[in-house]
Amino acid sequence: MSDLPIVVVPVGVDDDALDACLAALDACTPPGARVWLADDAQSGPRGYAIVERWLQSTRLRADYSRRQRSVGEVVHLDEILKACGDADVAVLAADAVPAPGWLSRLQASFAADGAIASATPWCNAGEAASWPRIGEIDPIPDVGDAERLARALAQMPAAHPELPAAIGHAVLLRGAARRRAGGLDAESYGSWYAALTDLSLRLSGLGWRNVLCDTAFVARAGEGRPHDGDMDALAARWPDWHARLAHFLMQDPLRDLRQRLADRLTQVGPPDMQRDLFL
């Protein structure tokens, strides 16, 4: 599975969420995929124990790094992405819960269109990429519902519609495009939420696409949040950003796509006994 993107998980402070994330990551990602757990001095003793236990049992090729002192999430993540060079990287929030097939389908979106620089899957708390309703937060699906949704998504033709920007629950970033755009702006933004938006807009300005991977789903308990001053910094650099996002949310160009997925979900049959075949 060396051809799969590298998965980077910036380790957070919520131990229970991290435990759930790692369990789903192991269950729903092809064996042998590369994973980097990057800890900006966030985990405590229990979180470290969760990571250590997971590293000993996972089917994935996983590594863990921890800074002695925190440098901030954007600075830290920018260092991690730079260390990955030109490799494509899927950044998965530490409180996210991926559904089966998530990584392979993100990778397939890049293979389908070389102009795609970022691919974001559906999410129950994904703002512009929210499902079943745009801009709303729904509960995290249980395991059975997530599997049904993943099977429904596997039957959907990939359309890769445009998003205003990539979203932080999970995003696949094309390495060559990321480096051409200059990486993350760690001097202007304190949050991954804002830095990813800024990177997406710079990528778009260079002619790349930020799309919805409409065949994949990653759950999350809540939306990402900017740090103090981040939204002012975004507005200063991108004066039309807030209006563009508001227009997208109000017009909801993904409405028909959501409805087709909802219709397909009602037709999904019993669980696939060979689930590993579509990881």
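**Q** Looking at this structure, I do not really get the pattern of salt bridges. What am I missing?
**A** Between side chains of opposite charge, pairing is possible as soon as their charged atoms come close. Evaluated as defined, the whole model comprises 18 salt bridges. Among the ionic pairs, Arg-67 bridges to Glu-79, the shortest N-O distance being 3.0 Å. Here Arg-67, found in the loop between β3 (61-66) and α3 (73-83), pairs with Glu-79, found in helix α3; they are twelve residues apart in sequence, far enough to count as distant. In this structure, Asp-113 engages Arg-209 in a salt bridge whose closest nitrogen and oxygen atoms are separated by 2.6 Å. Of this pair, Asp-113 sits in the loop between α4 (102-112) and β6 (116-122) while Arg-209 sits in strand β8 (residues 209-220); the two residues are 96 residues apart in sequence, bridging distant segments of the chain. With a relative accessible area of 22%, Asp-113 lands in the partly exposed category. Linked through salt bridges whose partners overlap, the residues forming this network are Asp-185, Asp-198, Arg-202 and Arg-237.

**Q** I tried to follow the sheet that holds β8 on my own but got confused; where do I start?
**A** In sheet architecture, strand pairing relies on hydrogen bonds along the backbone and comes in two forms, parallel and antiparallel. Read across the open sheet, the eight strands follow the order β3-β2-β1-β4-β7-β6-β8-β5; overall the sheet is mixed. Only two strands of the sheet have a single neighbouring strand rather than two, namely β3 and β5 (96-98). Strand-to-strand, the axes of this sheet are offset by a mean angle of 30 degrees, without reference to chain direction. Looking at chain direction, β5 and β8 are connected through three bridges and run antiparallel. For Val-97, the partnering residue across the bridge sits in β8 and is Ala-219. This element, helix α1 (residues 15-28), spans β1 (6-11), β2 (34-39), β4 (89-92) and β5 of the sheet and lies at about 15 degrees to β5.

Thresholds, definitions, all that
For every chain, the first residue of its written sequence is number 1, and the numbers climb from 1 along that sequence. Two thresholds apply to this predicted model, a pLDDT of at least 70 for residue-level local features and 80 or more for giving and counting side-chain atom pairs, whereas whole-chain, interface and lining totals are computed over all residues. Side-chain descriptors were evaluated using all non-hydrogen atoms of the structure, hydrogens and water having been removed beforehand. The term salt bridge refers to a side-chain nitrogen of Lys or Arg lying within 4 Å of a carboxyl oxygen of Asp or Glu. Numbering of helices and strands starts at the N terminus; helices are DSSP runs of H or I of at least 4 residues and strands are runs of E of at least 2. The buried label goes to any residue with under 20% of its type's maximum accessible area, the exposed label to any with over 50%, and the partly exposed label to all in between, with areas taken from a 1.4 Å probe on protein chains only. DSSP calls a pair of strands paired once it identifies at least 2 bridges connecting them. Angles run from 0 to 180 degrees between N-to-C directions of axes, and those axes are lines fitted to C-alpha atoms, restricted for helices to the stretch in contact. Only heavy atoms enter the contact rule, under which two residues are in contact if any of them lie within 4.5 Å.

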